[in-house]
Amino acid sequence: ERLLTLVPAHGSIVVGDGRGAIGDPFAAQVVEITRPAPETATELAIRIRDYLGDLSTVGASRVEIVRDVDPRTHRLRTHRDEWKEAVLKAVDAGIRTELLERLPGSTTRYRRGPTTAEEVRERVAT
């Protein structure tokens with residue numbers, strides 16, 4: 001089955017498919033295109049927990065997390081202040097949900113907490 005989309009052509013807009021074939025918009029399937037939802041603080045905290053997996057004895061600081069964990073969107077890659085803010089919120093969410101914990105004797109370094117990603121996802125879902 002063909003999926004049709006609006007395509008700019010010759011100063012106008014036509015309805016066509018991926019191969020350029022023109023079709024009847026009233027006879028085609030309607031496809032809704034939406035933007036992906038932004039990553040939640042909880043999901044980012046889970047990614048941070050995964051990053052901290054091998055660092056249980058030395059942990060990582062927020063600066064290291066900001067530097068080493070990949071921002072998933074182009075916007076966060078180009079707007080570093082927004083990325084830092086997202087990491088701060090995710091670390092706080094991770095501590096609240098026990099995905100992350102402070103390294104003993106430190107207030108600035110973090111390691112994996114006792115809670116698993118699945119447990120937190122279940123809590124958030126209910």
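Residues numbered from 1 in each chain as written. Predicted model: local features only at pLDDT ≥ 70, side-chain atom pairs only at ≥ 80, totals over all residues. Heavy atoms only, no water.

A short note on helix H4 (residues 80–96)
And step 1. Compared with an ideal rise of 1.5 Å per residue, which puts 17 residues at 24 Å, H4 spans 24 Å between its outermost C-alpha atoms and is within 8% of the ideal.
And step 2. Burial in H4 covers these residues: Trp83, Val87, Ala90, Val91, Ala93 and Gly94. Looking straight down H4, one finds its buried side chains confined to an arc of 165°; they lie on one side. Residues of H4 that are exposed and point over 90 degrees away from its buried face: Asp81, Lys89 and Arg96.
And step 3. Elements that come into contact with the buried residues of H4 comprise helix H1 (41–51), helix H2 (62–68), helix H3 (74–78), strand S4 (100–102) and strand S5 (109–112).
And step 4. Immediately downstream of H4, the backbone of Glu98 shows phi near 65°, a positive value. (Helix = DSSP H or I, 4+ residues; strand = E, 2+ residues; numbered from the N terminus. Expected span 1.5 Å × (residues − 1). Buried < 20%, exposed > 50% of the residue type's maximum accessible area, 1.4 Å probe, protein only. Arc of directions from axis to C-beta. Contact = heavy atoms within 4.5 Å.)

So, the sheet that holds S4
And step 1. Across the sheet, which stays open at both edges, the three strands sit in the order S3-S5-S4 with antiparallel pairing between neighbours. Where the open sheet ends on each side, the last strands, each with one partner, are strand S3 (60–61) and S4.
And step 2. The pairing of S4 with S5 spans three bridges and is classified as antiparallel. Residue pairing across strands places Arg102 opposite Tyr110, the latter belonging to S5.
And step 3. H1 contacts S3, S4 and S5 of the sheet and is inclined by roughly 65° relative to S4.
And step 4. Helix-sheet contacts for H4 involve S4 and S5, and the interaxial angle to S4 is about 90°. (Pairing = 2+ DSSP bridges. Axes fitted to C-alpha atoms, helices over the stretch in contact; angles between N-to-C directions.)

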